[in-house]
There are 2 protein chains.
Amino acid sequence: MNLDRIRKKSLHSKICSAEEAAMLIKDGMVLGISGFTKFGDARAVPRALVKRAQNGEKIAVTLMTGASIGSNLDEDLGDTGVIARRGPYQGSEKLRGHINRGEVMYLDQHLSHTGEYMRFGHMPKADVAIIDATCIDENGGIVCTTSVGNNALYALTAEKVIVEVNETHSPDMFGLHDIYVPETRPGRKPIPLVNPWDKIGVPVIPVNPEKIAAIVVHQLPDEAVSLVPGDAETDAIAGHLIEFLKHEVKKGRLTNALLPLQSGVGAVANAVLRGFEDSPFTGLSMFTEVAQDTVLDLLDSGRMKVVSTAALSLTEKYRSRLKDVKKLHGKLILRPQDVSNNPELIRRLGVIACNTALEYDIYGNVNSTHVLGSKMMNGIGGSGDFARNALYTCFVTKSYARGGALSSVVPMVTHHDHTEHDVDILITERGLADLRGLAPRERVRVIIDNTAHPDYREALRDYAKEAFAAGGHTPHILAQAFSFHTRFAATGSMLPQPAPQA
Amino acid sequence: MNLDRIRKKSLHSKICSAEEAAMLIKDGMVLGISGFTKFGDARAVPRALVKRAQNGEKIAVTLMTGASIGSNLDEDLGDTGVIARRGPYQGSEKLRGHINRGEVMYLDQHLSHTGEYMRFGHMPKADVAIIDATCIDENGGIVCTTSVGNNALYALTAEKVIVEVNETHSPDMFGLHDIYVPETRPGRKPIPLVNPWDKIGVPVIPVNPEKIAAIVVHQLPDEAVSLVPGDAETDAIAGHLIEFLKHEVKKGRLTNALLPLQSGVGAVANAVLRGFEDSPFTGLSMFTEVAQDTVLDLLDSGRMKVVSTAALSLTEKYRSRLKDVKKLHGKLILRPQDVSNNPELIRRLGVIACNTALEYDIYGNVNSTHVLGSKMMNGIGGSGDFARNALYTCFVTKSYARGGALSSVVPMVTHHDHTEHDVDILITERGLADLRGLAPRERVRVIIDNTAHPDYREALRDYAKEAFAAGGHTPHILAQAFSFHTRFAATGSMLPQPAPQA
């Protein structure tokens, strides 16, 4: 064991095994742990909790993170009953099952809300924080790893802190993080960030070393994420976005440096960013919550000059680039989600936000989370923080799913994460709908004609025609608003005349 | 005519009749006019437009305001076809009819969005601004009246400005207004407001006097608003809110000065504020978009020390108090809605927001605007700006309407203005539902048991029970989600077994 990573010598006595550290955690506690878009998650101690549960111990906790965690942790913690409550985001297919069966209570929060709520007392504070660290400095300050997320929140407010010193991270990570904690109220001052590249905090989490109850040293690497590669349709989506932004430059609203970009998590988002590689845009910046593979390429090529984010989230090939993390200094800033997702900053900077929709409706309302209105997919994550405060709020999706059995454009979405008030631009492989300045009735034609799959256009137009005739500012026929969805549930397809079953 | 009110002498030559000034306005133009919650609206020149239309001239414009306008302007401009497009808010029963018949295209916007969108170019700028003024200073700067709203936006960005010097307003209004305009991007700096009472701008709209194309002097007063008086049920709502806030003080989250309050427009909102008169809270402040009657009483009694707002909106009795407006200096600050409704400031200050719901559902989603999903009532106004960024987001309503034929609590709202992610507290005369930290399934019981009308509780529980059995994180039965509403449309009541028709 290399004690160089624990520079405050008085803390050496706290070094213990994951199993020993896990004994600090009792049934019924609130845990606040590292992890955002699967990177930089605390993993050694949670694994020990899984083992305790597998050995028959009853231990059920409220598990709070930054966002999704990797290493199959949500799967195993969920399956063994360790997770009674979970927030503010998860991205696990198995945990989702527990949530949708009502076995796990899920607090699906805007990622900017968790810190506000917990510090203020709207939610209980963590009893124990478990923080993934590169090292601990001379004063006990924690140097984060590949995500910051809610690390500062949990480390600074929890009763006790367990630090997982993760030796797979280069010590050169030091200096990438900018830890800033919003002040209490009344009297909270403006957050002094004016550009995505501004540093406003300190490089470590300045935790009181007396709160550090255990230190676990391990060599478990970030689990590389897998991303479905882009295809002709995601290329088309990217193309429509780039053409739109070129149009905005032509109109004089933007320069070729655009304004700070935000991009959601996942394969489509990553593929859409690819479109910037061959674009006329240079001197780009991002003010975002996650940086996926393409971001590293854009930084490498010099097309993008800086990325401000709460986390990295990389596939195997790109993760290995972090061995030479020095190259990223000055280009990459990792921030708490209190900062990356803060409405104050998103509005001030004029962010161009691009997130993925599950479905949207003919008036521009967006469902990001719920399948057929009831079943949670992942969670709203930061999409609401950005959609509600960005200068350009764009949502992207393919126009169909399940081989055409599902239309992404529906009469009324079955769950509303983002209302028509907040949505400017909708993009599918078919085209782009620019909703700016349009009344609801005017949006319908643009959305259907430009973005719906041709197989569904007639049915959507029929619905709108009947609704318009019945009247209203946002005309709906309530008895038919979910007819696409109930048809899918009954026949396996939203199409009016489903193809014969194979 | 008292020329003292137009202190820049070179502008005296611009004085003309309302009819002459109105000739600056052509068919197809965008007009940006004063007016917010009916007070401080431009009225002389719009009246002249009505006359032109009544005389057979085709003149149809896009009419943008701060929020609602008074003096029956929306009614008459709508009925004569002068309003082709309208934004960002209206509160007129007659104009609502035109909107719901699809005759007027209505841009129902978050009140903080209009300025951002128009300055940036997402929407066309005003060709002509018409600004209600107390006076014009030595440099041509415009002193506003009883509202600021979007006055600075329109006056500073329009091609031409018509000033309506309104002699019914006391010259002592000077100094009540704090005009601040958000900077352009990139490089926009923080808005330097830390307390509701901070002054960050200048007392006049610093318009280029060369843009002032006409000045109309008139003596048409603000039209007093009418408010339904409070009753036992609004008293009960106020009581639940006060009890809740006392509980928050007891828990140590708030002091007796609370945090800045926001209250929506209308009779219920005004009645709820009455509850503070006999409360233990002192040293109160408001950071809000409208100040109604009760606010003047709270200032008078000293219980409230300062109100920051975009507008006043008063009944006859309270309006007359403005004759002695000097008393309000130091206690009342009138601001642009770019400031009063800014997400940056609402989040920073930790506002306690209290707005009125039309209906809400068993998971906490709120409909503020649409009757039976299609028909616009007024508009979202600033409720979204506050709901999405406040520290406490509360919605109030009576638990029923139309003598019990409508339940305010429904299985699924027919229009989503505020999503379950943003709603903390729901209050009816029956009680208060505290949703903080609850998962959707947990909210159902609290909402039904504490706030629904007893006549509807069983039907709501039956729906939830069936939905829970079907599964999901937010369980719904899509085919029955709007059963309350379709039953009302069919039978005149949401009750499962409607009473015999009288």
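See the structure above.
Everything in this summary refers to the structure shown in the same document. (Residues numbered from 1 in each chain as written. Chains lettered and ligands numbered in written order. Predicted model: local features only at pLDDT ≥ 70, side-chain atom pairs only at ≥ 80, totals over all residues. Heavy atoms only, no water.)

Moving on: the overall build of chain A. For chain A, the helix and strand inventory stands at 16 helices and 24 strands. Taking 2.2 N^0.38 as the reference for a compact globule, 502 residues should give roughly 23 Å; the C-alpha atoms of chain A span a radius of gyration of 23 Å, in line with that estimate. Residue burial in chain A is summarised as follows: out of 502 residues, 66% are buried. Across chain A, contacts joining residues at least 24 apart in sequence account for 73% of those joining residues at least 6 apart. With an accessible surface of roughly 16,400 Å², chain A has 52% of that area assigned to carbon and sulfur atoms. Distance between charge centres in chain A, computed from 55 positive and 58 negative side chains, equals 2 Å. (Helix = DSSP H or I, 4+ residues; strand = E, 2+ residues; numbered from the N terminus. Rg over C-alpha atoms; globule rule 2.2 N^0.38 Å. Buried < 20%, exposed > 50% of the residue type's maximum accessible area, 1.4 Å probe, protein only. Contact = heavy atoms within 4.5 Å. Areas by Shrake-Rupley, 256 points an atom, 1.4 Å probe, with all protein chains shown as cover. Lys, Arg positive; Asp, Glu negative; His and termini not counted. Charge placed at Lys NZ, Arg CZ, Asp CG, Glu CD.)

Moving on, we get to the interface of chain A and chain B. Taken together, the contact between chain A and chain B spans 74 residues of the former and 75 residues of the latter. Here chain A and chain B share an interface that buries about 6,500 Å² over both sides, 56% of which is from carbon and sulfur atoms. When residues of chain A are sorted by the area they lose upon contact with chain B, Arg347, His421 and His473 of chain A head the list and together hold 12% of the total. Taken together, the connections running from chain A to chain B amount to eight salt bridges. One salt bridge in this structure joins Arg348 of chain A and Glu344 of chain B, with 3.0 Å as the shortest N-O distance. The tally of links from chain A across to chain B stands at 43 residue pairs in polar contact (both at pLDDT 80 or more). Top element by residues in the side of chain A that touches chain B is helix 12 (residues 343–349) of chain A. It accounts for five residues. (Buried area = accessible area lost by both parts, 1.4 Å probe. Salt bridge = Lys/Arg side-chain N within 4 Å of Asp/Glu carboxyl O. Polar contact = N/O pair within 3.5 Å; in protein donor to acceptor, adjacent residues only side chain to side chain.)

In the case of a regular strand, side chains alternate between the two sheet surfaces. All names here are of chain B. Of all five residues in strand 14 (residues 352–356), four are buried, a share of seventy percent or more. Pairing geometry for strand 10 (residues 261–263) and strand 14, over three bridges, is parallel. Across the sheet, the residue bridging to Ser263 is Cys354, located in strand 14. Looking at chain direction, strand 14 and strand 19 (residues 392–396) are connected through five bridges and run parallel. Along strand 19, the bridge assignment pairs Ile352 with Tyr392. (Pairing = 2+ DSSP bridges.)

Bringing the sheet that holds strand 16 (residues 366–367) of chain B into the picture now. All names here are of chain B. Spatially, the three strands line up as an open sheet ordered 16-15-22, and their pairing is mixed. What marks the edges here is a single partner per strand, and that holds for strand 16 and strand 22 (409–410). For strand 15 (residues 359–361) and strand 22, the ladder comprises two bridges, and the chain directions are parallel. Bridge pairing in strand 22 places Asp361 opposite Val410.

Throughout the structure, instances matching the rule amount to 68 salt bridges over all chains. Between Glu442 of chain A and Arg85 of chain B there is a salt bridge, with its nearest N and O atoms 2.6 Å apart. Remark: Arg85 of chain B occurs in strand 3 (residues 83–87) and Glu442 of chain A occurs in helix 14 (residues 440–451); the pair is interchain, linking two chains. Note on Glu442 of chain A: relative accessible area 25%, which makes it partly exposed. With a closest N to O distance of 2.9 Å, Arg335 of chain B and Asp178 of chain B form a salt bridge. In this pair, Arg335 of chain B sits in the loop between strand 13 (332–334) and helix 11 (337–340) while Asp178 of chain B sits in the loop between strand 8 (160–166) and strand 9 (212–218), placing the two residues 157 residues apart along the sequence. Each member of the pair, Arg335 of chain B together with Asp178 of chain B, is buried. One salt-bridge network, held together by shared partners, links Arg274, Glu277, Asp297, Asp300 and Arg321 of chain A.

Before going further, it helps to spend a moment on the environment of His98 of chain B. All names here are of chain B. Relative to the elements of secondary structure, His98 occurs in helix 4 (residues 93–100). Classification of His98 as buried rests on a relative accessible area of 11%. When the C-alpha atoms of His98 and Gly81 are compared, they prove to be 9.5 Å apart, with 17 residues separating the residues in sequence. Those residues in contact with His98 that sit more than four places away from it in its chain are Gly78, Asp79, Glu103 and Val104.

It is worth spelling out the packing of aromatic side chains at this point. Each aromatic ring pair is characterised by the separation of its centres together with the angle its planes make. Tallying each qualifying case throughout the model produces nine aromatic pairs over all chains. Ring plane angle 85 degrees and centroid distance 5.6 Å describe the contact between Phe120 of chain A and Tyr392 of chain B, whose orientation is recorded as edge-to-face. In this pair, Phe120 of chain A sits in helix 5 (residues 113–120) while Tyr392 of chain B sits in strand 19, so the two residues belong to two different chains. The pair Phe120 of chain A / Tyr392 of chain B is uniform in exposure class, with both members buried. Between Phe276 of chain A and Phe281 of chain A the ring centres are 6.1 Å apart and the planes differ by 50 degrees, which places this aromatic pair in the tilted class. Summarising the burial analysis for this pair, Phe276 of chain A and Phe281 of chain A share the class buried. The structure contains a cluster of three or more aromatic residues connected by ring pairs, namely Phe120 of chain A together with Phe244 and Tyr392 of chain B. Positioned above the aromatic ring of Trp197 of chain A, the side-chain terminus of Lys305 of chain A is 4.5 Å from the ring centre. Sitting over the face of the ring of Phe468 of chain A, Arg441 of chain A holds its NZ or CZ atom 4.9 Å from the ring centroid. (Phe/Tyr/Trp six-rings, centres within 6.5 Å; stacked < 30°, edge-to-face > 60°. Lys NZ or Arg CZ within 6 Å of the ring centre and 35° of its normal.)

Of all eight residues making up helix 4 of chain B, six are buried, and the element is well covered by its neighbours. Taken together, the buried positions of helix 4 of chain B are occupied by Leu95, Arg96, Gly97, His98, Ile99 and Asn100 of chain B. On its buried face, helix 4 of chain B sits against helix 14 of chain A together with helix 3 (73–79), strand 3, strand 4 (105–106) and strand 18 (375–376) of chain B. For helix 4 of chain B, the side-chain oxygen to backbone nitrogen distance between the N-cap and Lys94 of chain B is 3.3 Å, and the N-cap itself is Ser92 of chain B. In the segment just after helix 4 of chain B, Gly102 of chain B is the residue with positive phi, at about 75 degrees.

Our focus in this paragraph is the pairing of strand 12 (residues 304–309) of chain B. Residue and element names in this part refer to chain B. Of all six residues that make up strand 12, five are buried, and the element is covered over most of its length. Strand direction decides the pairing type here: strand 11 (residues 284–287) and strand 12, joined by four bridges, are parallel. Paired with Leu284 across the strands is Met304, a residue of strand 12. The handedness of the strand 11 to strand 12 crossover, carried by helix 9 (residues 293–300), is right-handed. (Right-handed = clockwise from strand over helix to strand, strands pointing away.)

Residues and elements named next belong to chain B. If you trace the seven strands from one edge of the open sheet to the other, you get 4-3-2-1-5-8-9, paired in parallel fashion. With partners counted over all chains shown, the strands left at the sheet margins are strand 4 and strand 9, one partner each. Inspection of the sheet shows strand 1 (residues 30–33) paired to strand 5 (residues 128–133) by three bridges, in the parallel sense. By the bridge assignment, Leu31 is partnered in strand 5 with Val128. The strands touched by helix 2 (residues 44–54) within the sheet are strand 1, strand 5, strand 8 and strand 9, with strand 8 carrying the most contacts at an inclination of about 110 degrees. (Axes fitted to C-alpha atoms, helices over the stretch in contact; angles between N-to-C directions.)

Glancing now at the packing of helix 7 (residues 232–250) of chain A against helix 8 (residues 267–274) of chain A. All names here are of chain A. Relative orientation of the contacting elements helix 7 and helix 8 amounts to 55 degrees, with a least axis distance of 8 Å. What the angle tells us is that helix 7 and helix 8 run oblique. As helix 7 packs across helix 8, the resulting crossing turns out to be right-handed. Judged by residue contacts, Thr234, Ile237, Ala238 and Leu241 of helix 7 engage Val268, Ala271 and Val272 from helix 8. The residue makeup of the contact of helix 7 with helix 8, split by class, is six nonpolar, one polar and no charged. (Parallel < 35°, antiparallel > 145°, perpendicular 65-115°, else oblique. Left-handed = near helix turned anticlockwise from the far one by under 90°. Nonpolar A, V, L, I, M, F, W, Y, C, P; charged D, E, K, R; others polar.)

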